[in-house]
Amino acid sequence: MSHLPPLPASLKPIQHYLKTANEHDKRDPVVSYYCQLYALQNGMEVDKKSKEARTFLFALMDYLEKFKTDHSDNDAITSEVVGQAHMENYALKVFLFADNEDRAGRFNKNVVKSFYTAGMLFDVLGCFGEISEDIQKNRKYAKWKAAYIHKCLKNGETPVPGPLGGEDGEEGLSPADNLQPGPSYPANNLPTPSNQQPQVGAFAPPTTPQDPPQIPQQPSPSQSFVPQQPAPSQSYHQPQPAAAASWTPPQNAKSVRLTAEQYQKAMKLCKYAGSALQYEDSETAVTNLTKALKLLTTGKET
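Residues numbered from 1 in each chain as written. Predicted model: local features only at pLDDT ≥ 70, side-chain atom pairs only at ≥ 80, totals over all residues. Heavy atoms only, no water.

Draft legend 1. Up close: the packing of helix α2 (residues 29-46) against helix α5 (residues 80-103). At their nearest, the axes of α2 and α5 sit 10 Å apart, and the two run at 100° to each other. As summarised for this structure, α2 and α5 are arranged roughly perpendicular, according to the angle between their axes. Touching Val30, Val31 and Tyr34 of α2 are Gly83, His86, Met87 and Tyr90, all from α5. Grouping the amino acids of the contact of α2 with α5 by side-chain chemistry returns five nonpolar, two polar and no charged. (Axes fitted to C-alpha atoms, helices over the stretch in contact; angles between N-to-C directions. Helix = DSSP H or I, 4+ residues; strand = E, 2+ residues; numbered from the N terminus. Parallel < 35°, antiparallel > 145°, perpendicular 65-115°, else oblique. Contact = heavy atoms within 4.5 Å. Nonpolar A, V, L, I, M, F, W, Y, C, P; charged D, E, K, R; others polar.)

Now the structure itself:
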C-alpha cells in the first residue's frame, strides 16, 4: 500500500488483512478501512516495541485518522452500529457466494479466493467486539473450505461439495484453527457482493444465516450514534462521530433524558434479542427486550 512504509518481518501476521484492504481500496473503501483498523489492532499486540514496527503502525494510524476525517459524512465510518452491519453484510454475501459455488460443484480459484476472503472478513468483525458464535463457526468453515479446495485442485483431485463427515465439516479433518493462510489470487477474481443476490445452499452449514443483516437507516444529524469508549487495551478502537461534542440527547416519551451510551446499550440489547430469536430462544429474547424497554423508559439498566 503506497501510503505505508514496508511491512516489517515482525508484523507478517497482519499482512493478509492489509492485502484484503488493498483489494477493496477502490471497490469498497469502508471494507478497506476496517481491514486496516483490524490490522492495526493486531499489529499493536504482535509488536509495538521494535523501531520498524512502531514506524509502520504509527504511519497506519495516521492514515486511518486522516481517512476518518475525510469521510466524516459516512455513517459506516463514524457509527459503530452502521459499520458493523456493513461489514457483516459484505462478509456474509462473499461467504454465501462461495458456498453456493461449492455446493454446485463449480470448483476453481475464484471459489477458494471467496472462501478465504470471507474468513479474513469474519476475523475483521473483531473490530466491533466479541464475535458471535454463528460467525465463529462460519469463519472456521470458510477457512477450512479454502484450504481444502485449494489442496484438492493442487493435487488434481475433485473436491467433495459441502461439509465432509458431518454437519460442521470437521470429522476426520484437521481443525480449521490449525490451517495456514490460503493462497493469494488476483483481486479481480473476487465477486462483488453488492451485485450478487445469493441464496443459501440447500445443505449450508447449520449456522449460515438465511439472510445477511440489513444496514440500519442512517440517523438524522440530531441523533448521530456515539460508540462506546474502548477498553484501555483497545486504544484507537472505535471511530468517533465528528460532531459528538455538540450533540444533546433528546428526551424520550417519558421525559427521561438518556445518554448516547444508554441508547447504544439499548440497541445492543435489541440486537441480542434478535439473535436469540434466530435460535428460537424466546426466554433470552424476552429478557433482553425487557432490559432494553426498562432502560429506554427509566434510564436504569437494572
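Draft legend 2. Structural context of the packing of α2 against helix α3 (residues 51-70). For the pair α2 and α3, interaxial distance at closest approach is 10 Å and the crossing angle is 145°. Here α2 runs over α3; the crossing is left-handed. Residues Pro29, Tyr33, Gln36, Leu37, Leu40, Gly43 and Met44 of α2 touch α3, and the partners they reach there are Leu57, Leu60, Met61, Tyr63, Leu64, Phe67 and Lys68. Partitioned by chemical class, the residues of the contact of α2 with α3 number 11 nonpolar, two polar and one charged. (Left-handed = near helix turned anticlockwise from the far one by under 90°.)

Draft legend 3. Representation of the environment of Leu92. The topology assignment puts Leu92 in helix α5. Accessibility expressed as a relative area gives 4% for Leu92, which makes it buried. In sequence terms Leu92 and Leu121 are 29 residues apart; their C-alpha atoms lie 8.9 Å from each other. (Buried < 20%, exposed > 50% of the residue type's maximum accessible area, 1.4 Å probe, protein only.)

Draft legend 4. Region of interest: the pattern of salt bridges. The full count for this structure, using the stated rule, is 10 salt bridges. Here Arg139 ties to Asp123 by a salt bridge, and the two come within 3.1 Å at their closest N and O atoms. Taken together, the positions of Arg139 in helix α7 (residues 133-154) and Asp123 in helix α6 (residues 109-124) put the pair 16 residues apart, joining distant regions of the chain. Overall, the relative accessible area of 21% leaves Arg139 in the partly exposed class. (Salt bridge = Lys/Arg side-chain N within 4 Å of Asp/Glu carboxyl O.)

Draft legend 5. Region of interest: the packing of aromatic side chains. Summed over the entire model, instances satisfying the criterion amount to 11 aromatic pairs. Centroid distance Tyr33 to Phe67: 5.2 Å. Interplanar angle 20°. Geometry classified as stacked. Of this pair, Tyr33 sits in helix α2 while Phe67 sits in helix α3; the two residues are 34 residues apart in sequence, bridging distant segments of the chain. Ring plane angle 50° and centroid distance 5.0 Å describe the contact between Tyr34 and Phe128, whose orientation is recorded as tilted. Highlighted residues: Tyr34 in helix α2 and Phe128 in the loop between α6 and α7, separated in sequence by 94 residues. Of the two residues, Tyr34 and Phe128, neither departs from the other in class, the shared state being buried. (Phe/Tyr/Trp six-rings, centres within 6.5 Å; stacked < 30°, edge-to-face > 60°.)

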